[in-house]
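For reference, the chains in residue letters:
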Amino acid sequence: MLANRRDVNILVLDTEVYSNTGGQQSKATPLGAAAKFAAAGKPIGKKDLGLLANMYGHVYVARVAFGAKMAQTAQAFLEAESYAGPSLIVAYSHCIAHGYDMADGATQQKLAVDSGVWPLYRFDPRRLVKGEPPLHLDYGPPKAKVANYMRNESRFRMIERADPARFKRFLEESQAEAQKRYAVYQQLAGITVPVVAANGEELPPQNQPAKEDK
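So, here's what we can say about the structure. (Residues numbered from 1 in each chain as written. Predicted model: local features only at pLDDT ≥ 70, side-chain atom pairs only at ≥ 80, totals over all residues. Heavy atoms only, no water.)

## Side note on helix α3 (residues 105–114)
For clarity, the threshold we go by: The buried label applies to any residue whose accessible area, calculated with a 1.4 Å probe on protein chains only, is under 20% of its type's maximum; exposed applies above 50%, and partly exposed to all values in between. By definition, any uninterrupted DSSP run of H or I lasting at least four residues is a helix, any uninterrupted run of E lasting at least two residues is a strand, and each is numbered from the N terminus.
A large share of α3 lies buried, amounting to 7 of its 10 residues. Among the residues of α3, Gly 105, Gln 108, Gln 109, Leu 111, Ala 112, Val 113 and Asp 114 are the ones counted as buried.

## Focus: helix α6 (residues 164–188)
Definition in use: Helix span, expected: 1.5 Å multiplied by one less than the number of residues in the helix. Contact criterion: two residues are considered in contact whenever any of their non-hydrogen atoms come within 4.5 Å of each other.
With 25 residues, α6 ought to run about 36 Å at 1.5 Å a step, and its terminal C-alpha atoms sit 36 Å apart, in line with that. In this structure, the buried side of α6 is in contact with α1 (49–54), β2 (60–64), β4 (121–123), β5 (135–137), α4 (146–150) and α5 (154–162).

## Focus: the nonpolar core
We apply this condition: We call a set of buried residues a nonpolar core when its members are Ala, Val, Leu, Ile, Met, Phe, Trp, Tyr or Cys and they connect through side-chain atoms within 4.5 Å of each other.
Val 61, Trp 118, Leu 137, Tyr 139, Tyr 149 and Met 150 are the most contacted members of the largest nonpolar core, which has 35 residues in total. Elements that contribute at least two residues to this core include exactly β3 (87–92), α3, β4, β5, α4, α5 and α6. In terms of residue count, α6 provides more of this core than any other element does, 6 residues in total. The residues contacting Met 150, other than those within four sequence positions of it, are Leu 31, Phe 156, Arg 157, Phe 167, Phe 170, Leu 171 and Ser 174. Tyr 60, Ala 76, Ala 80 and Ile 89 belong to the second-largest nonpolar core, a separate cluster that totals 8 residues.

## Considering the environment of Phe 167
Its location among the elements puts Phe 167 in helix α6. Placed 10 residues apart in sequence, Phe 167 and Arg 157 show a C-alpha to C-alpha distance of 8.1 Å.

## Some remarks on the pairing of β3
Put simply, the rule is: Following DSSP output, two strands are said to pair if at least two bridges run between them.
Within β3, 6 of the 6 residues are buried, leaving the element largely enclosed by the surrounding structure. Relative to β3, strand β1 (residues 9–14) runs parallel, the two sharing 6 bridges. The residue bridging Leu 11 from the neighbouring strand is Ile 89, located in β3. As defined by bridge partners, β2 adjoins β3 across 5 bridges and the pair is classed as parallel.

## Structural notes on the sheet that holds β5
The following threshold applies: Inter-axis angles, ranging from 0 to 180 degrees, are taken between N-to-C directions of lines fitted to C-alpha atoms, where helices are fitted over the stretch in contact.
Read across the sheet, 5 strands follow the order β1-β3-β2-β4-β5 without closing on themselves; strand pairing throughout is mixed. Because the sheet does not close on itself, it has two edges, and the strands there are β1 and β5. Direction aside, the axes of adjacent strands within the sheet are offset by 10° on average. Where β4 and β5 come together, 3 bridges link them in antiparallel fashion. When the bridges of β5 are listed, Arg 122 appears paired with His 136.

## Points about the pairing of β2
Let me state the cut-off plainly: Handedness of a crossover is defined as follows: orient the strands so they point away from the viewer, and if the path from the first strand over the helix to the second runs clockwise, the crossover is right-handed.
Counting buried positions over the 5 residues of β2 gives 5, a clear majority of the element. By the alternation rule, side chains of β2 split into Tyr 60, Ala 62 and Val 64 and Val 61 and Arg 63, which are all buried. In terms of handedness, the path from β2 via helix α2 (residues 70–82) over to β3 forms a crossover that is right-handed.

## A closer look at a nonpolar patch on the surface
To be explicit about the condition: Residues forming no salt bridge and having over 30% relative accessible area are the ones grouped into patches, like charges within 9 Å of each other and nonpolar side chains (Val, Leu, Ile, Met, Phe, Trp, Tyr) within 5 Å. All accessibility values rest on the Shrake-Rupley procedure with a 1.4 Å probe; residue burial counts only the protein chains present in the view. For this document, the term salt bridge refers to a Lys or Arg side-chain nitrogen within 4 Å of an Asp or Glu carboxyl oxygen.
Nonpolar side chains collect at one region of the surface, where Leu 11, Leu 13 and Phe 77 lie side by side and expose about 290 Å² of accessible area between them. Summarising the element assignment, Phe 77 is placed in helix α2. Under the relative-accessibility criterion, Phe 77 is labelled partly exposed at 38%.

## Points about the packing of α5 against α6
Selection criterion: Just so you know how the angles are binned, under 35 degrees is roughly parallel, over 145 roughly antiparallel, 65 to 115 roughly perpendicular, and the rest oblique. Three residue categories are used. Nonpolar comprises Ala, Val, Leu, Ile, Met, Phe, Trp, Tyr, Cys and Pro, charged comprises Asp, Glu, Lys and Arg, and polar comprises the others, including Gly.
Two elements in contact, α5 and α6, have axes separated by 5 Å at closest approach and are oriented at 135°. Looking at the two axes, α5 sits oblique to α6. Where α5 abuts α6, its residues Phe 156, Ile 159, Glu 160 and Ala 162 lie against Pro 164, Arg 166, Phe 167 and Phe 170. Of the residues assigned to the contact of α5 with α6, the class counts are 6 nonpolar, no polar and 2 charged.

Right, dumping it as structure tokens:
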């Protein structure tokens, strides 16, 4: 659906497991989380669905977490609806399989964003014609420890009880991944891409005059 240019809006409620079949690990399961078929904790990180979709270039993509920034979530939905093409919103969805009181879901979402576990951004191809970077970050550098986020959920804590050394390694790797993730997204958010016409000529940004030949 994303590979074509049809005006289709897609919402992914990311619980980070295969929720409809009982909570098995999936490519969206994060590093160190226990799930069915990953009882000792998933040894690799989650696939970045949003970043993959960004590579098409013509897809509106956003990652949201209403518990962290309700206004950013609403803005992403409005932009996706108004975009004349495929759009994808990946929404953080707390789940009973995460192992904590769902009444604390919004608080845990905010901690996921503050720790850098869950980035917030909007990728809007319409910014290209204005000469602006299409990717806009809606979160800052990690300011909370990933360990604080992970220790709130039993899917991580059960690894600590079973194998403290393995859990400590997961904590260290997850913290490093959060820092690296922000650094990568920060660089991507500074990239502008030229708009090129069918004849190969680079077009000037909107509201700016074309360059005159000398």
